[in-house]
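What follows is each chain in one-letter form.
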Amino acid sequence: MDSSMVATVSDDQKTETSPSYGLRQHVLSPLETLAQSVSLIAPSTTPTLTVPLVFALCGAGTGLAYLIATVAVVLVALCVASFARESASPGSLYSYAHSSLSPAWSAVTAWALFFAYVTTASSVIGGFLNYAYVFLDEYHLHVSPVLLSLVAAGGAMWVAYRDIKVSAELMLWIEGVSVCLVAFVTGITLWKHGLHFDVSQVRLKGVSAQQVRMGVMLAIFSFVGFESATTLGSEAREPLKTIPRAVIQSALLAGVFFIVCTYGEILGFHGSPTTLDASAAPFHYLSAQAGVRIVGTVIDVGVLISMFAATLACVIAASRVLLLMAHHGLAHSRFGVTHARNETPGLASILTAVLAFLPVAVIAHRGASGADIYGWMGTLAVFGFLTAYTMAAIALAVHLRREQRLTLAKGLLAAAATLAMVAALVGNIFPVPPAPYRYFPYIYGVYLVLAMGWYGLSRQRDRA
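To start, this report covers the structure provided alongside it. (Residues numbered from 1 in each chain as written. Predicted model: local features only at pLDDT ≥ 70, side-chain atom pairs only at ≥ 80, totals over all residues. Heavy atoms only, no water.)

## Some details on the overall build of the protein
When helices and strands are counted, the protein shows 16 helices and two strands. A compact globule built from 464 residues would reach a C-alpha radius of gyration of about 23 Å, and the protein, at 21 Å, matches this within 12%. When its C-alpha atoms are laid out on the principal axes, the protein stretches across 65 × 50 × 40 Å. In the protein, which comprises 464 residues, the proportion classed as buried is 57%. Expressed as a percentage of contacts within the protein between residues at least 6 apart in sequence, the contacts between residues at least 24 apart total 81%. Surface summary for the protein: the accessible area is close to 19,200 Å², and the carbon and sulfur share equals 68%. Both charge centroids of the protein, one from 25 positive and one from 22 negative side chains, sit 6 Å from each other. (Helix = DSSP H or I, 4+ residues; strand = E, 2+ residues; numbered from the N terminus. Rg over C-alpha atoms; globule rule 2.2 N^0.38 Å. Buried < 20%, exposed > 50% of the residue type's maximum accessible area, 1.4 Å probe, protein only. Contact = heavy atoms within 4.5 Å. Areas by Shrake-Rupley, 256 points an atom, 1.4 Å probe, with all protein chains shown as cover. Lys, Arg positive; Asp, Glu negative; His and termini not counted. Charge placed at Lys NZ, Arg CZ, Asp CG, Glu CD.)

Here it is as structure tokens:
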């Protein structure tokens, strides 16, 4: 078989082939493949940055918000895994839509997914700024936020450009250590409070359904990127087995981790002079209360590094989506070229890192905090992910029906995942949120219009 092709085997044991697009083949172990999804989720950042934001919206209902978000994301994970068992491609969800939906709808999926990965990279660069200043402010040092953003984006670009295997191993160790430390402090917190339930959380004291709904929307951001292992279709070993497992495992494990940490954090902040949503480094406080103050500092360091790992994971995922888009005529052909020695999408990696860096540099230069950037860009990213997840769920139903394999169970799964994502998308728009969040749907809408305008012009040029 030609070295530029990768074998795939469907459930009926028919052998098919898909292009490797010049990427390094079969170099990532199952654990390294899982590391891609886990690192983009960046689970250690959720308890430290996202949970306080969700708590500000729904208080004692934060745990319930994460439970609902977990169920919705797992539904999508099962849809994505169904596709991933049949084909492997660097295009992630876009490749599934491309094989099942019309060219226009698959183009929407591609541009939405690329937008989602880039804006998530911008968001976690904002998180990187937030935790960098936790240390810099302690020593009364001032470093330009633009320079710090450049360090995060430039470092991620360099590693992603050099070697996918080194990137995966780096992400695996960084996130693994950070998660273990967060779990350690959470465990001590739960143990110190004894074997009893927190009544305020169980009874949802002072929490309305509207508040939980708003919390669910932000909680979903904690999971985005769980599907990014699918971008490693050419590089993972036994991709038809390892990728679907990575997708489901990352969604489930992250959900359990978030729910437990949320419960422990809210419990640990009872009686605190500072509320959870007002704490810049909540695990600093929880570690002190648990009697392991030094661990809080280590966690802050771990989260800072984890933000870099998440930036790296976003650059890796977005560059591979852009690679496939270039091969399908949705982007300039130069972005479809891989580096001859590194076997990585070099130009696509550079463009992705630059696009992630620019909005952060502008917003930070105008005085916004890292936490604000994390929340704003993360909310923007959710629009792209929800669009791509919806298209993937619909594509699964279309694909199975075309293959005459659409069972009642699969049909209900696709329908439930679609409804969950549409409900989440609508919930981000109505009722109209306060500024600046009210403007984000328009920003995303303008982006899609411009992207599809480019698509229309490209199609006309190809016909001419």
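## Describing the packing of aromatic side chains
Evaluated as defined, the whole model comprises 13 aromatic pairs. Relative to Phe 385, the ring of Tyr 117 lies with its centre 5.5 Å away and its plane at 80°, an arrangement referred to as edge-to-face. Of this pair, Tyr 117 sits in helix H5 (residues 103-138) while Phe 385 sits in helix H14 (residues 370-402), placing them 268 residues apart in sequence. Across the pair, exposure class does not vary: Tyr 117 and Phe 385 are buried alike. With 5.7 Å between their ring centres and 75° between their planes, Phe 221 and Tyr 374 make a pair best called edge-to-face. (Phe/Tyr/Trp six-rings, centres within 6.5 Å; stacked < 30°, edge-to-face > 60°.)

## A short note on unusual backbone geometry
Of note, the bond from Phe 430 into Pro 431 is cis; its omega dihedral lies within 30 degrees of zero at -10°. Take Pro 431: it is sitting in the loop between helix H15 (408-427) and helix H16 (440-463). A cis amide bond links Ala 435 with the next residue in sequence, Pro 436, at an omega value of 0°. Topologically, Pro 436 is positioned in the loop between H15 and H16. One non-glycine residue with positive phi stands out, namely His 140, at about 55°. For His 140, the location among the structural elements is in the loop between H5 and helix H6 (145-162). Phi is positive for Gln 404, which is not a glycine, with a value near 60°. Mapped onto the elements of the fold, Gln 404 is located in the loop between H14 and H15. For Gln 404, a relative accessible area of 73% gives the class exposed.

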